[in-house]
Amino acid sequence: MSINPELAGRVYPAQEPYVVGREKIREFATAVKATHRAHFDLDAAASLGHDDLLAPPTFAIIVAQRADALLVNDPDSGIDFSRVVHADQRFTHHRPIIAGDELVATLHVDTVRAMGSGAMISTRAEIATVAGEPVATTVSSILVRGEDQ
Amino acid sequence: MIDFDTLEKGQQIGSTTVYVNRADLVRYAGASGDFNPIHFNERFATEVGLPGVIAHGMFTMGAAVQLVSDWVGDPSAVIDYQTRFTKPVPVDDPAGSNPSETPGTAIEITGAIGALDAEARTARVDLSVLVAGTKVLVKAQAVVQL
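Counting of residues starts from 1 at the beginning of each chain's written sequence and follows it residue by residue. All chains are assigned letters beginning with A, and all ligands numbers beginning with 1, in the order in which they are written. At least 70 in pLDDT is required for a residue's local features to be given in this predicted model, at least 80 for side-chain atom pairs to be given and counted, and no such filter applies to totals for whole chains, interfaces and linings, which use all residues. Heavy atoms from the whole structure form the basis of all side-chain values; hydrogens and water molecules are not counted.

For chain B, an unreviewed UniProt entry supplies the name MaoC family dehydratase and the organism Paeniglutamicibacter terrestris. UniProt positions are given in the numbering used here, feature names are shortened, and annotations may be inferred rather than shown by experiment. Here is the UniProt Sequence similarities (unreviewed entry) comment for chain B, exactly as written: "Belongs to the enoyl-CoA hydratase/isomerase family."

As annotated in an unreviewed UniProt entry, chain A carries the name UPF0336 protein HED64_05835 and is attributed to Paeniglutamicibacter terrestris. The Sequence similarities (unreviewed entry) comment attached to chain A in UniProt states, word for word, "Belongs to the UPF0336 family."

### A closer look at the side chain of Asn4(A)
Here Asn4(A) is to be found in the segment before β1 (11–12). Here, residues are in contact when the closest pair of their heavy atoms is within 4.5 Å. Beyond its immediate sequence surroundings of up to four residues, Asn4(A) is in contact with Arg10(A), Asp76(A) and Ser77(A). Under the DSSP-based scheme used, a helix requires at least four consecutive residues in state H or I and a strand at least two consecutive residues in state E, with every element numbered from the N terminus.

### Topic: the packing of helix α1 (residues 22–31) of chain A against helix α1 (residues 22–32) of chain B
At a minimum axis separation of 9 Å, α1(A) and α1(B) run at an interaxial angle of 150°. Between α1(A) and α1(B), the angle is such that the two are roughly antiparallel. Relative to α1(B), α1(A) is oriented so that their crossing is left-handed. Note on element contacts: α1(B) touches α1(A) through Arg27(B), Tyr28(B), Gly30(B), Ala31(B) and Ser32(B), opposite Lys24(A), Glu27(A), Phe28(A), Thr30(A) and Ala31(A). Residue classes follow a fixed rule: Ala, Val, Leu, Ile, Met, Phe, Trp, Tyr, Cys and Pro count as nonpolar, while Asp, Glu, Lys and Arg count as charged, and any other residue, Gly among them, counts as polar. Taken together, the residues that form the contact of α1(A) with α1(B) break down as 4 nonpolar, 3 polar and 3 charged. Angles here are taken between N-to-C directions and fall from 0 to 180 degrees, while the axes themselves are lines fitted to C-alpha atoms, restricted in helices to the stretch in contact. An angle below 35 degrees is read as roughly parallel, one above 145 as roughly antiparallel, one from 65 to 115 as roughly perpendicular, and any other as oblique. Two helices cross in a left-handed way if the nearer one is turned anticlockwise from the farther one by less than a right angle. They cross in a right-handed way if the turn is clockwise.

### Some thoughts on the layout of surface pockets
Gaps left between atoms are located by rolling a probe of water-molecule size over the structure's atoms. Buriedness for pockets is judged along seven lines, at least five of which must meet protein on both sides within 12 Å for an open set on the 1 Å grid over protein atoms alone, while cavities are sets there where a 1.4 Å probe fits but cannot get out, and lining residues have an atom within 4 Å of a point. Grid points are joined across faces, edges and corners, and a volume is the space filled by probe spheres set on the points. Taken as a whole, the largest pocket encloses approximately 930 Å³ of empty space. Considering the residues around the largest pocket, the lining is formed by 48 residues, among which Gln65(A), His86(A), Asp34(B), Asn36(B) and His39(B) are closest to the centre. If you list the elements that add at least two residues to the lining of the largest pocket, you get α3 (61–72), β3 (84–93), β5 (118–129) and β6 (134–144) of chain A together with α1, α3 (57–64) and β5 (134–145) of chain B. With 8 residues, the single largest contributor to the lining of the largest pocket is α3(A). Here the residues of the lining of the largest pocket are counted per class, giving 24 nonpolar, 17 polar and 7 charged.

### Regarding the packing of aromatic side chains
Centre distance and the angle of the planes are the two values used to describe a pair of aromatic rings. The rule is short: rings of Phe, Tyr and Trp, with Trp giving its six-membered ring, pair when the centres are within 6.5 Å, and they are stacked under 30 degrees, edge-to-face over 60, tilted in between. Inspection of every chain in the model, using the stated rule, returns 4 aromatic pairs over all chains. Note on Tyr28(B) and Phe59(B): the rings are 6.2 Å apart at their centroids and 80° apart in plane angle, and the pair reads as edge-to-face. Residue Tyr28(B) is located in helix α1, and its partner Phe59(B) is located in helix α3; the two are separated by 31 residues in the primary sequence. Of the aromatic side chains, those joined through ring pairs into one cluster are Tyr18(A), Phe28(A), Phe59(A), Tyr28(B) and Phe59(B).

### Describing the interface of chain B and chain A
On the chain A side, the residues contacting the 33 residues of chain B number 32 residues. Approximately 2,700 Å² of surface area, both sides summed, lies buried where chain B meets chain A, with 57% of it carried by carbon and sulfur atoms. By buried area we mean the combined loss of accessible area, with a 1.4 Å probe, across both parts when two parts are placed together. Summed over the three residues of chain B that lose the most area to chain A, namely Ala31(B), Met58(B) and Pro75(B), the buried surface amounts to 19% of that side. The term salt bridge refers to a side-chain nitrogen of Lys or Arg lying within 4 Å of a carboxyl oxygen of Asp or Glu. Scanning the region where chain B abuts chain A turns up 2 salt bridges.

### As for the UniProt feature "domain: FAS1-like dehydratase" (unreviewed entry) in chain A
Sequence positions flagged by UniProt for "domain: FAS1-like dehydratase" (unreviewed entry) are, in local numbering, residues 8–137 of chain A. Across residues 8–137 of chain A, the secondary structure splits into 22% helix and 34% strand, with the terminal C-alpha atoms separated by 18 Å.

So this is what it looks like as structure tokens:
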């Protein structure tokens with residue numbers, strides 16, 4: 001199955017909010033070997049001006065990849081997840097993510113570029129609080145390898 | 001805290017080495033929710049044409065920025081962070097080793113000031129991220145608000 005060229009411009013609306021938990025921040029920080037105390041200790045986070053534990057700089061990937069999954073798992077997209085390679089990633093933070101945030105992501109499919117029998121697909125997740133405050137913009141490109149690639 | 005006015009383009013911010021073994025990949029998969037089997041199953045990785053199990057690009061990206069967080073002293077100062085993933089990071093499973101205890105693959109990270117914006121008071125840190133002498137991240141850039 002090939003990539004649906006009509007994907008570009010498609011928007012997947014926000015789903016259930018993702019609630020940022022303290023233990024998830026600690027778990028994610030440990031997993032990326034981030035050692036700053038503000039990810040683990042409330043007093044350390046407070047000393048930097050944060051009301052709760054501070055998420056590491058790439059934490060938003062959890063929310064972004066959940067949004068990406070809407071596209072990847074869309075039967076209409078033609079994407080075979082086992083052939084997906086992450087090509088690039090960018091995070092722009094409008095404000096820090098802290099424990100207790102309730103985040104929603106709207107996924108925009110910005111470009112779809114055919115590459116042989118595969119395709120390079122760029123998506124953008126606009127992440128905001130449930131109250132509508134912008135939190136982060138993530139941009140990601142995935143290469144979907146064709147059958148012969 | 002870093003004093004913006006003392007910074008110069010080209011200035012080194014430091015270097016570090018992060019090690020990644022198979023247990024780290026399982027931990028990252030669980031923490032991030034990225035359960036692509038190429039990051040934990042040798043047979044599957046080989047069958048899809050990879051040399052073997054490879055690290056999540058997002059593990060490498062997430063681990064590399066630690067150097068910047070340490071330098072600036074506040075991880076929330078990283079307001080923008082991007083990279084391209086150009087080469088896979090293979091994570092071996094040496095015979096006779098405990099996957100949780102073997103050191104794993106060494107990822108060498110160095111950072112230097114790539115650009116300064118006096119008006120916005122931001123510094124762009126350009127990261128060099130190497131495995132066995134080969135660049136695995138390209139255009140790895142973190143913008144820090146000072």
